[in-house]
Amino acid sequence: MRLFVAAILAGLAMGSPRSLALPHGCDLPPGETVAIADAIDGETVRLEDGRAVRLLGVQAPAAPRDWDGPEPWPFAVLAEEALAKIATGSTAELRFDARKEDRHGHVLAQVYVEHDGSLVWLQAKLVEEGLARVAALPDLGACLAPLVAAEREARDGRRGLWRSLTYQVRDANNPKALGYLRHSYQLVEGTVHGVGEGKTLVYINFVEDWRSDFTVAIPRKRLPALEAAGLDLAALPGKRIRVRGWVEWWNGPMIRISHPEEIEVLGASPGAG
């Protein structure tokens, strides 16, 4: 496993941070300049003043529940070592969304570090190298679109974690398999059968019997944000979509989403209509 980690890190070191710059980055205004002491894990850095900063909008790899290897999960090691390599000892610029801390007291920020005379967006670097997935908090959704685009490229290129079946995109029409993945973060694809409405939630269903299939739930209070982004839920039936989020259980597996970037419309399903 150590040889595997070393080989991947050597490959990362060959890339120039300038080549990792996204055409459209995070447009949040600069908020605070800080010094980074080291990396705590693959998605958290420790500042010189002792505060911990969680990289907002991404999730580092974590060992699956059935992992029983004698050493740490390889992709978690890769992410932490890659983050430490570029962030440790650097000066960083923090950019804040609507909320600056989580319930654990961690600072929540998009983080840019000075590297070779330029600013490198840490979240984008990790996502582009396949060492993190895009994962939003329900009330914080800034800068997701470029990260989702970067993740798509990393997945298509089978970089990092995308070479592992552990992180494969799941099939919406296999609710039994999704049921075993409760309490885990997943990407799920399927063809929409219909859209239903409840008192507080709107549901995207993938088969006629919504009581047992995989379902996407959207809080009604989030609908204006989806509509503003041009997402027409009424037009989804017959289209193939990809969603992301934590798998819950309510009459079958369910993912609850809050941001338009958490639904990717992939086009009409083959044979639709």
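See the structure printed just above.
Residues numbered from 1 in each chain as written. Predicted model: local features only at pLDDT ≥ 70, side-chain atom pairs only at ≥ 80, totals over all residues. Heavy atoms only, no water.

**Details of the pairing of strand 6 (residues 107-115)**
Part 1: Of all nine residues that make up strand 6, seven are buried, and the element is covered over most of its length.
Part 2: Sheet topology places strand 3 (residues 52-55) next to strand 6; three bridges connect them, and they run parallel. Residue pairing across strands places Leu 55 opposite Ala 109, the latter belonging to strand 6.
Part 3: Pairing between strand 5 (residues 91-95) and strand 6: four bridges, direction antiparallel. Paired with Arg 95 across the bridge in strand 6 is Gln 110.
Part 4: Summarising the sheet, strand 6 and strand 7 (residues 118-121) pair through four bridges and their orientation is antiparallel. Each residue of the ladder has a partner; that of Val 113, found in strand 7, is Val 120. (Buried < 20%, exposed > 50% of the residue type's maximum accessible area, 1.4 Å probe, protein only. Helix = DSSP H or I, 4+ residues; strand = E, 2+ residues; numbered from the N terminus. Pairing = 2+ DSSP bridges.)

**Some points on empty space enclosed by the protein**
Part 1: Scanning the model with the defined rule gives two cavities of 30 Å³ or more in all.
Part 2: Taken as a whole, the largest cavity encloses approximately 40 Å³ of empty space.
Part 3: Considering the residues around the largest cavity, the lining is formed by Ala 82, Leu 83, Ile 86, Leu 122, Lys 125, Leu 126, Glu 129 and Leu 131.
Part 4: Taken together, the elements giving at least two residues each to the lining of the largest cavity come down to helix 2 (74-87) and helix 3 (122-128). (1 Å grid on protein atoms, 1.4 Å probe; cavity = no way out; pocket = protein on both sides within 12 Å on 5 of 7 lines; lining within 4 Å. Points joined across faces, edges and corners; volume = space filled by probe spheres on them.)

**Structural notes on the layout of surface pockets**
Part 1: The calculated volume of the largest pocket comes to roughly 530 Å³.
Part 2: Elements supplying a minimum of two residues to the lining of the largest pocket: helix 2 and strand 10 (185-191).
Part 3: For the lining of the largest pocket, a count of residues per class yields 12 nonpolar, six polar and six charged.
Part 4: Considering only enclosed or pocket space, the second largest pocket measures out at about 320 Å³ in volume.
Part 5: For the lining of the second largest pocket, the secondary-structure elements that each account for two or more residues are strand 4 (58-59) and strand 14 (239-249).
Part 6: The leading source of residues in the lining of the second largest pocket is strand 14, at four residues.
Part 7: Per-class residue counts for the lining of the second largest pocket are eight nonpolar, three polar and six charged. (Nonpolar A, V, L, I, M, F, W, Y, C, P; charged D, E, K, R; others polar.)

**Points about the environment of Asp 232**
Part 1: On the secondary structure map, Asp 232 appears in the loop between helix 6 (223-228) and strand 14.
Part 2: A distance of 3.2 Å separates a polar side-chain atom of Asp 232 from the backbone nitrogen of Ala 234. (Polar contact = N/O pair within 3.5 Å; in protein donor to acceptor, adjacent residues only side chain to side chain.)

**Some thoughts on the side chain of Glu 262**
Part 1: Considering the arrangement of structural elements, one finds Glu 262 in the loop between strand 15 (253-256) and strand 16 (263-268).
Part 2: No salt bridge is formed by the buried Glu 262. Its closest oppositely charged neighbour is Arg 244, at 6.7 Å.
Part 3: In this structure the side chain of Glu 262 is engaged in a polar contact, spanning 2.7 Å, whose partner is the backbone nitrogen of Ser 258.
Part 4: With near-sequence residues (within four places) excluded, Glu 262 lies in contact with Ala 136, Arg 242, Val 243, Arg 244 and Ile 257. (Lys, Arg positive; Asp, Glu negative; His and termini not counted. Salt bridge = Lys/Arg side-chain N within 4 Å of Asp/Glu carboxyl O. Contact = heavy atoms within 4.5 Å.)

**Some thoughts on the packing of aromatic side chains**
Part 1: All chains considered together, the criterion is met by seven aromatic pairs.
Part 2: Note on Phe 75 and Tyr 167: the rings are 6.0 Å apart at their centroids and 90 degrees apart in plane angle, and the pair reads as edge-to-face. With Phe 75 in helix 2 and Tyr 167 in the loop between helix 4 (144-156) and strand 9 (170-171), this pair connects stretches of sequence that are 92 residues apart.
Part 3: Given the relative accessible area of 4%, Tyr 167 is considered buried.
Part 4: Each residue in the set Trp 67, Trp 73, Phe 75 and Tyr 167 is aromatic and connected to the rest through ring pairs, giving one cluster.
Part 5: Stacked on the ring of Tyr 112, the Lys or Arg Arg 95 has its end atom at 4.2 Å from the ring centre. (Phe/Tyr/Trp six-rings, centres within 6.5 Å; stacked < 30°, edge-to-face > 60°. Lys NZ or Arg CZ within 6 Å of the ring centre and 35° of its normal.)

**A word on the nonpolar core**
Part 1: Ranked by internal contacts, the top residues of the largest apolar core, which has 49 residues, are Ile 36, Val 53, Leu 83, Leu 94, Val 111, Val 113 and Leu 122.
Part 2: By residue number, the principal contributor to this core is helix 2, which donates seven residues.
Part 3: Apart from residues lying up to four places away in sequence, Ile 36 is in contact with Val 45, Arg 46, Leu 47, Glu 48, Ala 87, Thr 88, Gly 89, Ser 90, Ala 92, Val 111 and Val 113.
Part 4: Val 202, Ile 204, Leu 226 and Leu 236 belong to the second largest nonpolar core, which has 22 residues in total. (Core = buried A, V, L, I, M, F, W, Y, C linked by side-chain atoms within 4.5 Å.)

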